[in-house]
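Structural overview
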Amino acid sequence: MIPAALPDDAELISRIRGLDLESKVRLLTGASLWRLPAEPRLGLAALTMSDGPQGVRGTLDDPADTGLLAPAPSAVAAAWDTGLAERLGEAFATEARRKGVDVVLAPAVNLQRTPVAGRHFEYFSEDPLLTAAVAAAVVRGLQRRGVGACLKHFVANDSETDRTRYRARLDERTLREVYLAPFEQVLAEAAPWSVMAAYSGVDDGAQSAPMTEHTRLLREVLKQEWGFAGPVVSDWSATGSTVASALAGLDLVMPGPHGPWGETLVAAVRAGEVPEQLVDDKVLRLLRLARDTGRLGTPGHNPPPSAASAVPAAPGPEEFGLLREVAARGTVLLRNQQDLLPLVPERLGSVALIGPNAVDPYLQGGGSAFVPAIRTVSFAEGLRAALPEQVHLSVHRGGDSRLGAPFGSGDLLADPDTGAPGVRADFFDADGTLIGGEVRRDGDWSAYGAFTLATRRVVLRMVLTLTEPGTHRLQVGCVGRFRVTLDGEEIWSGDDDRGVELVLDSSFHHPPLKDIELYVGDEPRRVALVVDLTVVESGGYNRFVTAQLRHAPPGPTSYEEIAEAAAAAAAADVAVVVVGTNEEVESEGWDRTGIDLPGHQNDLVRKVLAANPRTIVVVNAGAPVLLPWAHEVPALLWAWLPGQEAGHALADVLLGRAEPSGRLPWTLPSRPEDVPVPDARPHDGIVDYAEGVHVGHRAWDRAGLVPAFPFGHGLGWTHWSYESVALPPEPPVSAASLTSPAGGDGLKLTVELTNTGPRPGREVVQVYLEPPQDGVDRPVRLLAGFATVLAEAGARVSAEVHVPARSFQIWDTETQSWHTPPGRYRLHIGRSSRDLRLAVDAPVGPHRVGTRC
Ligand code: BGC
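Not measured: the values here are computed from a predicted model.

1. Some thoughts on the sheet that holds strand β36 (residues 835–844)
The strand order across the open sheet built from four strands is β31-β30-β35-β36, with neighbouring strands paired in antiparallel fashion. Both outer strands of the open sheet, β31 (782–791) and β36, are each paired with one neighbouring strand and no more. Adjacent strand axes in the sheet meet at a mean angle of 20° when their direction is disregarded. Sheet analysis places strand β35 (residues 823–832) next to β36, joined by nine bridges and oriented antiparallel. Along β36, the bridge assignment pairs glycine 830 with leucine 836.

Written out as structure tokens, the structure is:
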């Protein structure tokens, strides 16, 4: 039996003592996609886990199971406000309770190492300190209300391509100082109750292994060195071994009930390959999680019901108000010439709202983080609701930015058997016998977990009636093994035999599309389409098929739409152009290969600007996109993937009801060739972190390049004068405390600043540490602390900024410990990484840190 590590462990250990090996091992693999096994003999209830960082999806995989859809994490980080992030964490906890969820699979603290990373929107920042501060706040909010966080994806899973196979190769200092740093800081500050081991692997020189098997990082660093006492959960279907993963420190294989542990692990324990004590330790960690989430009862009795026994009410105005506040406050005002913003509604006669994302906003990123929203407020709806009635608002797409046409629906599709609207699906077993079927109304035919074991094939049949004369574009999207015929003739087939990989690379919701052009003359044309799909067996993700039927009728070209939008802009008092990415661009499962705006959006902005100089551009994207006209437009806002309250938040900002007080949590490049890490993909199975500790803004500083907008940049409704900075008169820390294990203590700076503008405002005071450059490869400057303050017009305020000791330290690979090289450290205080207003020296001698202003 394992020795008790924590004060309350003795009682938990005594519970485990009575259990046989098989029963203990059974607890270490999920019972289903989202549930863990229950064990009444231990008083253990079946814990439920659910994604994720944009809200709480729940476990029903049903579009009707809706919930709060928050702004994506990079938007939350852009507010640079831990108090706000904590309130969001609390709202997530209430959602989790409402949906019977005990552990939310969030936050994700991987870094935005490269702008092309597919999950960029799901991560907070390119900076480890900002990432950690915001993530710790989300964890505090969640766990304060009894819902567990699962900090993910441990570690260096910063790319998507081939994510189950690649190894991130990085040196030990980079790993410690950059990629492990947010995990370590969140654990120290907020003690999340579980951690997720990533799909990918790490080669840090000491060991090269998939993260589910990384003994050095899981067992030695996370558990032994940092004292993490909760379970390490595998990412979904990430575990590829029995003994290696069990020994390395993985505690729970998800999903289940099948997987590489079970009986094979029992046999390995019996064969002496895995000590039984290790199995006990894994069970103990799960019991701690159950206890913390209120799901551990009395042994032998019915385990406690989910806290859903007191189910919170569905979210309403209060929660919507919080999401609106987060979205508005995270919005970054990048540029505002001649104070074009905020708009004065009384002086407006007409507004032209233009752009592909004005018509179809991109509210959240794709993949496991997706939440069916309880409601959505489009940009047009939000603006209409906020503008006085007499202001005329017109909406114009200005060209298509998607490769995929809309899903076919309505009169287009008919069941060939009955003629009723829809697509007929027939289900067949292995012998080709028809065993069921259904009719669906639209051409989005994705379903997982929806088939009985007997169903092997799904055949979709439909008749399409194309009426408008001209060229119609049809698109069929399928994955796996399939055959598509049009009027009886095969036009496409697939023979991809992969299983779970088709879920993990997001082919499931993002299948390849086959384009078909059909010409229609004066008479409507009817065509028969048949899509014959083999059901994909995808392990713990169950069994699925995907087929999409998309259709674009003949219509104006993008060129014509742009001309129409420019004409509307010319006739309006002001043009608001919303450009951005969409579900084809930013998602889990793949990485981008470039950072251009999709479609003809640059052309659109230029034409609208030429038509009306009072043009405000709003970027609706999570990750950087190039804006070649950025310094030509008078007003530019970055509005992120803003979640369900998108329209209200944008209207609040445009009309000055809220201050866009966001600051960029990453650097916006102006030229593709400047991007420090332009490629996320592995080469020969390796993602090489050759840039070392010079990540994000640190790399830009090292290269001396000028970005379009620097890390930390953001204007607001007012102006600030930085008056002075002071360290406390007595040096507050000694070198000894600067090497304290958790990197605690550190320095407290007091910054005095004045709001010199005409309106109240919120300022993010940023502190960048310039370490001595004495031979050790260190960043030119690194973000070492920040604080957010509010001040009335004309008022002077003090900001207290904590600079943790860890910011001064480097990881000493020889002694395997943190170390503060002595020398002259300079602290710069400013409004962004490139707008530094004040400085103070903090010399670190062998015994103490002194101050010199
Ligand atoms: C993702 C995780 C997620 C899990 C469960 C995986 O594909 O990488 O972030 O929590 O699925 O949905």
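That was the structure; now back to the text.
2. Structural notes on the packing of aromatic side chains
The tally for this structure, following the rule as stated, stands at 13 aromatic pairs. Ring geometry for tryptophan 640 versus tryptophan 666: centroids 5.4 Å apart, planes at 80°, classification edge-to-face. Taken together, the positions of tryptophan 640 in the loop between β26 (635–638) and α18 (646–654) and tryptophan 666 in the loop between α18 and β27 (686–688) put the pair 26 residues apart, joining distant regions of the chain. Just as tryptophan 640 is buried, tryptophan 666 falls in that class too. Each member of the aromatic cluster is reached from another via a ring pair, and the members are Trp80, Phe711 and Phe786. Sitting over the face of the ring of tryptophan 811, arginine 176 holds its NZ or CZ atom 3.8 Å from the ring centroid.

3. As for the packing of helix α4 (residues 82–98) against helix α5 (residues 128–144)
Packing of α4 against α5 brings their axes to within 7 Å, and their N-to-C directions diverge by 40°. As the angle between them shows, α4 and α5 are arranged oblique. Here α4 runs over α5; the crossing is right-handed. In this structure, α4 contributes Thr82, Ala85, Glu86, Gly89, Glu90, Phe92 and Ala93 to the contact, and α5 contributes Ala133, Val134, Ala137, Val138, Arg140, Gly141, Leu142 and Arg144.

4. Some points on empty space enclosed by the protein
Inspection of every chain in the model, using the stated rule, returns seven cavities of 30 Å³ or more. Looking at the largest cavity, its volume works out to about 140 Å³. For the largest cavity, the lining is made up of 19 residues, of which Gln112, Arg113, Pro115, Glu126 and Gly696 are closest to its centre. Grouping the amino acids of the lining of the largest cavity by side-chain chemistry returns ten nonpolar, six polar and three charged.

5. Brief notes about the domain arrangement of the protein
The domain boundaries assigned to the protein delineate domain 1 (319–399 + 565–679), domain 2 (410–442 + 450–541) and domain 3 (720–841). Each of domain 2 and domain 3 was reduced to a C-alpha centroid, and the two centroids are 58 Å apart.

6. Considering the sheet that holds strand β28 (residues 720–726)
One open sheet accounts for three strands, arranged β28-β29-β32; its pairing is antiparallel. Two strands bound the open sheet, and with one partner strand each, they are β28 and β32 (796–803). Strand after strand, the sheet turns through a mean of 25° between neighbouring axes, direction not considered. When strand β29 (residues 747–755) meets β32, the two strands line up antiparallel, connected through eight bridges. Bridging across to β32, lysine 748 finds its partner in histidine 802.

7. Here we look at the environment of leucine 609
You can see leucine 609 is positioned in helix α17 (residues 601–611). Taking the relative accessible area as the measure of exposure, leucine 609 reaches 16% and is therefore buried. For leucine 609 and alanine 106, which are 503 residues apart along the polypeptide, the C-alpha to C-alpha distance reads 41 Å. Among all residues touching leucine 609, those that are not within four sequence positions of it are Thr615, Glu632, Val633 and Pro634.

8. Looking at the pairing of strand β25 (residues 615–620)
Of all six residues in β25, six are buried; the element is thus mostly enclosed. Across the two faces of β25 the burial is the same, with Thr615, Val617 and Val619 and Ile616, Val618 and Asn620 all buried. With six bridges connecting them, strand β24 (residues 574–580) and β25 associate as parallel partners. Paired with valine 578 across the two strands is valine 618, which belongs to β25. For the crossover that starts at β24, traverses α17 and ends in the parallel β25, the hand is right-handed. Note: β25 against β26, four bridges, orientation parallel.

9. Digging into the layout of surface pockets
Volume-wise, the second largest pocket comes out at about 710 Å³. Leu129, Gln185, Glu189, Pro804 and Ser807 are, among the 32 residues lining the second largest pocket, the residues nearest its centre. Those elements giving two or more residues to the lining of the second largest pocket turn out to be α5, α6 (172–179), α7 (181–190) and β31. Broken down by element, the residue count for the lining of the second largest pocket peaks at six residues, all from α7. Class assignment of the residues belonging to the lining of the second largest pocket gives a composition of 15 nonpolar, eight polar and nine charged.

10. A look at the confidence of the model for the protein
Of the residues in the protein, 96% have a pLDDT of 70 or more, and the chain-wide mean is 94. A low-confidence stretch, residues 735–743 (pLDDT under 50), is modelled with 28 contacts involving residues beyond four sequence positions or located in other chains. In this model, residues 847–853 is a region of pLDDT below 50 whose contacts with residues beyond four sequence positions or in other chains number 28 contacts.

11. So, unusual backbone geometry
A cis geometry characterises the amide bond from alanine 106 onward to proline 107, with omega recorded as -5°. Inspection of the secondary structure puts proline 107 in the loop between β2 (103–104) and α5. Going from phenylalanine 154 to valine 155, the amide bond is cis rather than trans, its omega being -5°. Checked against the element boundaries, valine 155 lands in the loop between β3 (148–154) and β4 (167–169). Its identity as a non-glycine residue notwithstanding, alanine 156 has a phi of 60°, on the positive side. As for its placement among the helices and strands, alanine 156 is situated in the loop between β3 and β4.

12. Section: the environment of histidine 648
Mapped onto the fold, histidine 648 is located in helix α18. Taking C-alpha positions, histidine 648 is 8.0 Å from alanine 385, a pair spaced 263 residues apart along the chain. Contact partners of histidine 648, with chain neighbours within four places excluded, come to Arg324, Arg375, Val377, Gly382 and Ala385.

13. With respect to the site of the ligand
Near the ligand there are 14 residues, and of these Asp51, Arg119, Lys152, His153 and Asp235 occur at the shortest range. The contact in question runs from an oxygen atom of the ligand to an N or O atom on the side chain of aspartate 51, over 2.4 Å. Separating an oxygen atom of the ligand from a side-chain N or O atom of glutamate 588 is a distance of 2.9 Å. Burial of the ligand by the protein chains amounts to 98% of its free accessible area of 310 Å².

The rules behind the values
- Residues numbered from 1 in each chain as written.
- Predicted model: local features only at pLDDT ≥ 70, side-chain atom pairs only at ≥ 80, totals over all residues.
- Heavy atoms only, no water.
- Pairing = 2+ DSSP bridges.
- Helix = DSSP H or I, 4+ residues; strand = E, 2+ residues; numbered from the N terminus.
- Axes fitted to C-alpha atoms, helices over the stretch in contact; angles between N-to-C directions.
- Phe/Tyr/Trp six-rings, centres within 6.5 Å; stacked < 30°, edge-to-face > 60°.
- Buried < 20%, exposed > 50% of the residue type's maximum accessible area, 1.4 Å probe, protein only.
- Lys NZ or Arg CZ within 6 Å of the ring centre and 35° of its normal.
- Parallel < 35°, antiparallel > 145°, perpendicular 65-115°, else oblique.
- Left-handed = near helix turned anticlockwise from the far one by under 90°.
- Contact = heavy atoms within 4.5 Å.
- 1 Å grid on protein atoms, 1.4 Å probe; cavity = no way out; pocket = protein on both sides within 12 Å on 5 of 7 lines; lining within 4 Å.
- Points joined across faces, edges and corners; volume = space filled by probe spheres on them.
- Nonpolar A, V, L, I, M, F, W, Y, C, P; charged D, E, K, R; others polar.
- Domains from an automatic or database assignment.
- Right-handed = clockwise from strand over helix to strand, strands pointing away.
- pLDDT = per-residue confidence, 0-100.
- Near = heavy atom within 4 Å.
- Polar contact = N/O pair within 3.5 Å; in protein donor to acceptor, adjacent residues only side chain to side chain.
- Areas by Shrake-Rupley, 256 points an atom, 1.4 Å probe, with all protein chains shown as cover.

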